[in-house]
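Working through the structure, step by step
What follows is the residue order along each chain.
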Amino acid sequence: MKRSIKKVAVLGSGVMGSRIACHFANIGVEVLLLDIVPREPNDAEKAKGLTAEHPAVRNRIVNDALQFAIKSNPAPLYKKSFASRITTGNFDDDMAKIADCDWTIEVVVERLDIKQQVFANVEKYRKPGTLITSNTSGIPIHMMLEGRSEDFQKNFAGTHFFNPPRYLKLLEIIPTPKTDPEVVDFLMDYGDRFLGKTTVLCKDTPAFIANRIGVYSIQALFHLVEEMGLTVTEVDKMTGPLLGRAKSATFRTCDVVGLDTLVLVAGGLKQNCPNDEANHLFDVPGYITKMVENGWIGSKSGQGFYKKEGRTILELNLETLEYQEAAKVDFPTLKAAKAEDNLRKRMKILAGGTDKAGEFYRKAFYGLFEYSSNRIPEITDDLYKIDDAIGAGFGWKLGPFDTWDALGVAETVKAMEEAGRKPAQWVYDMLDKGIESFYAVKDGKKMYYDIPSGQYKVVPGTEDLIILDNLRETNVVWSNAGTTLFDLGDGVLNLEFHTKMNTIGAEVLQGLNKALDIAEGDSKWKGLVIANEGDNFSAGANLGMIFMLAAQQEVEELDMAVKQFQDTVMRLRYSSVPVVSAPHGMALGGGCEICLHSDKVIAAAETYIGLVEFGAGVIPAGAGSKEMALRASDDYQEGNLKLPALRERFLTVGMAKVATSAEEAFDLGILRKGIDEVSVSAERRIGRAKRAVIELHEQGYSQPAERKDITVLGKKGLGIFVAGARSMEDAKYISEHDRVISEEFGYVMAGGDLSAETQVSERYLLGLERKAFLKLAMTRKSMERMQSLVTTGKPLRN
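The paragraphs below set out a description of the structure included in this document. (Residues numbered from 1 in each chain as written. Predicted model: local features only at pLDDT ≥ 70, side-chain atom pairs only at ≥ 80, totals over all residues. Heavy atoms only, no water.)

1. Side note on the nonpolar core
Counting residues in each nonpolar core, the largest one holds 118 residues, and the members touching the most others are F24, L558 and F773. Looking at this core element by element, the count peaks at eight residues for helix α32 (residues 762-777). Ignoring anything within four residues of it in the chain, the contact list for F773 reads I546, L558, V562, V618, I619 and A621. If you look at the next biggest cluster of nonpolar residues, it comprises 111 residues, including V122, L170, A266 and L407. (Core = buried A, V, L, I, M, F, W, Y, C linked by side-chain atoms within 4.5 Å. Buried < 20%, exposed > 50% of the residue type's maximum accessible area, 1.4 Å probe, protein only. Helix = DSSP H or I, 4+ residues; strand = E, 2+ residues; numbered from the N terminus. Contact = heavy atoms within 4.5 Å.)

Here's what the structure looks like:
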């Protein structure tokens, strides 16, 4: 059966339901969002004379929930206008409309009796053969099937999204014994390709996979903290980015989620997993019980493990239950680990520490390894599913088995035994076979140890993905300290950045030029992809280097560095081979300029892209200012007013606007409609970029000529920019220095103080851009802005 999802019904508009609806709207699907009818009009509705039968009253719950979601932060929609794809209604009046839907998702309250009532109602109207799934996080999936038809049962499964659905990548798929295998295959594929999710096939066991392991990890840590006498701040320092986990680490995450929620979930596992060997850990420690009794449950109550007083953030002393200022965390193990950029190597440093931090890591790791290995085959037959689920659901860069590999499986088993821990028997069986790691890379593919067969198998779903890490041993063409050039196969090269934050300095510029030398120098190469798998595509130019040169008044050297950047991005644009960029995460400043000068951009949906140089006291000078003037010129149409188009481009840069999604980048004029594309799946963007290079090559790509036909408005445009900036300064919207930067940028956008509208070349505008950048960079106030960003990471308004 060939399925197509054009319309989805979401039943329940609470926090999850409304945001699941938004994410389907993000990908262009029409959504019907339904909820219950209020019992009676509220006071505001009564004041307007509305009765219980009025549509506004009957749909109040669903409409209020959707509006709350749309206004929430982080935003659930790629663009607010996508909300038009969602139609609201209620269960009483509109349930019949699900007959037009290809997929119905239940997201009502976590009570089996209520879910069964909803499904009985769904059965009256749903079209046979259409998908029906539940987003439950705790109720056994098979228990929902009682009384349902055969067609309902074979098209039914659990689809467990994580909150917030737009941002958290995990989608757990939980079939029942009666689910049609075709339905399972479809959901696994659709979640990946269309929703951009890491889809993990789960058994119908309590809390499925991610929450079973994740909640164990949190609960074990609660007890370990008490045992070792650690502070809240110490734990968050040890369990955040240094460990390859979220910045919010452990206790900040608990405050965001809410202690009441965590206690409820832990209680559910305590009750539903009586035979779990770690069942005792699902009892919450005394300090947690006391916090819940006091109402200190986290952000929603104003205090939890942390409490803000004025500008000071206090931590809770877990022994006295009094708030205090956090002491500086100073463990030698953490200092040593910070010096190591490679996360896998860093794990060995952390686990090998001889101080209290090292002891903490060993105890936490060994417990996690023992517990995870014992969950096979209970919650899954495949170890990679545990790593995938915990990685996508909790943001761990290395799951339990990946971490174990990094430490060395055999030596860690020995250390675990010495510490009184013992992994599952299958781990010993694996080692007895001479297999010493859970994962291996063969022929560019990631393999996992398959327990039933005792052999390595390709991780399902990754066969057609391009994963640069898997090519590192076999497909490197060239590298330097900041970049690596890969052969992606089929005549396509990929340049990866791997500097800190993927900032662009001399080594990245060298890498870009070398990649073009190689691609242009041999006819076997069809073109170049620029992409990486770091946290961000690029945070922009190396601001520390620019600040140092400016502070030392090295004008000539800075001029040369800026010109090299300009020449490199212009070479990308006018190469004899196609260049396709595939950004994700942050693509700021120079990272954005590389995208602006690519033949095509395949952007991950979660790409935050913009020209932010105003915040550093300068203007875009990697050909970004030139490109904004060029694109404004291309926006001019015969008979159209030219100033509005120029003004829009000016404001995009002058207000340092950053698109909060790739879709929004089209509205800012950074991505081009009809040329650039969005990939909802970040993992698939490199593969799509490779295909784009091949398509451009096969269409007969020819080297473009530099532009000499850019219309600039001269004094007329400059006058508007100067007047606008000065009126903003007079009204105290911007500072004096903001006005100076705006005038310099306006000078470039206007093409200088030419007496009349003129056509100029790109080279002419690049000269203006560089001159303005140097002039600003040498001012005291711009240097203060750069210094603030370099030393504190925070912008300075001066």
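2. Concerning the packing of aromatic side chains
On inspection of all chains with the given rule, the structure shows 29 aromatic pairs. Between F152 and F156 the ring centres are 5.6 Å apart and the planes differ by 25°, which places this aromatic pair in the stacked class. F152 sits in the buried class, given a relative accessible area of 0%. With a centroid separation of 4.0 Å and 5° between ring planes, the pair formed by Y216 and Y371 is classed as stacked. Of this pair, Y216 sits in helix α9 (residues 210-228) while Y371 is found in helix α16 (residues 356-374), placing the two residues 155 residues apart along the sequence. By the ring-pair criterion, three or more aromatic residues cluster together here, those being F360, Y361, F365, F369, F401, W404, W426 and F438. Directly above the aromatic system of F152 lies the positively charged group of R148, at a separation of 5.8 Å from the ring centroid. Above the plane of the ring of Y439 lies K446, whose end atom (NZ or CZ) is 4.3 Å from the centre. (Phe/Tyr/Trp six-rings, centres within 6.5 Å; stacked < 30°, edge-to-face > 60°. Lys NZ or Arg CZ within 6 Å of the ring centre and 35° of its normal.)

3. Observations concerning the packing of α16 against helix α18 (residues 400-407)
Axis separation between α16 and α18 bottoms out at 10 Å; the angle between their running directions is 125°. As far as their axial angle goes, α18 and α16 are oblique. Regarding α16 and α18, the two cross each other, and that crossing is left-handed. Residue-level inspection shows F365, L368, F369, S372 and S373 of α16 in contact with α18, the latter providing P400, F401, T403, W404 and L407. Its residues placed into classes, the contact of α16 with α18 shows seven nonpolar, three polar and no charged. (Axes fitted to C-alpha atoms, helices over the stretch in contact; angles between N-to-C directions. Parallel < 35°, antiparallel > 145°, perpendicular 65-115°, else oblique. Left-handed = near helix turned anticlockwise from the far one by under 90°. Nonpolar A, V, L, I, M, F, W, Y, C, P; charged D, E, K, R; others polar.)

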